[in-house]
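Chain by chain, the residues run as shown.
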Amino acid sequence: LNRAFGTGNAAELARKLHSTAIEREQIAALSQLVGAAAERDDAAAIFILRQAARELAAAALATLRNLNLLSTRAAVSYSGSVFEAGAPILSLIHI
């Protein structure tokens, strides 16, 4: 991530992410980098993907609850750039 944003450490990266207008597409494109890092057992990347999986599961659950489908067998699909991370994110989601 530091290479992608031209920063040297986590603190610089955080400052840049919070002080610079970054396009949604730029952030979305990072999912492949995070996925590759997770495959190399990078703890920060694994944390990011675990948090993303939790948030996606919570959103799916809320949708099912709002549609009164919690007690019904329902198919849930997934899409979005986070899934470009590949196996590291998919392995966290029980499909």
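Residues numbered from 1 in each chain as written. Predicted model: local features only at pLDDT ≥ 70, side-chain atom pairs only at ≥ 80, totals over all residues. Heavy atoms only, no water.

Engineer: Explain the environment of A87 to me, using residue names and the numbers behind them.
Structural biologist: On the secondary structure map, A87 appears in helix α5 (residues 87-90). Measuring from C-alpha to C-alpha, the distance between A87 and A36 comes to 9.5 Å, with 51 residues separating the pair along the chain. (Helix = DSSP H or I, 4+ residues; strand = E, 2+ residues; numbered from the N terminus.)

Engineer: Please give an account of the packing of aromatic side chains that cites residues and values.
Structural biologist: Tallied over the full model, the rule gives one aromatic pair. Considering the side-chain rings of Y78 and F83, the 4.5 Å spacing of their centres and the 40 degrees angle between planes classify their relative orientation as tilted. Taking relative accessible area as the criterion, F83 reaches 13% and is therefore assigned buried. (Phe/Tyr/Trp six-rings, centres within 6.5 Å; stacked < 30°, edge-to-face > 60°. Buried < 20%, exposed > 50% of the residue type's maximum accessible area, 1.4 Å probe, protein only.)

Engineer: Break down the nonpolar core for me, with residues and values.
Structural biologist: Here is a general trend for soluble globular proteins: nonpolar side chains tend to be buried in one another's company. With ten residues, the main nonpolar core is built from V34, A37, A38, A45, L49, A52, A53, F83, A85 and I89. Elements with a minimum of two residues in this core: α3 (24-39) and α4 (43-66). Residue contacts for F83: discarding those within four places in its chain leaves L56, Y78, I89, L90 and I93. (Core = buried A, V, L, I, M, F, W, Y, C linked by side-chain atoms within 4.5 Å. Contact = heavy atoms within 4.5 Å.)

Engineer: Give me the lowdown on the confidence of the model for the chain, citing residues and values where you can.
Structural biologist: Confidence in the prediction of the chain, expressed as mean pLDDT, is 86, and 98% of residues score 70 or more. Ranking the helices and strands of the chain by mean pLDDT puts α4 first, with 91, and helix α1 (residues 2-5) last, with 82. (pLDDT = per-residue confidence, 0-100.)

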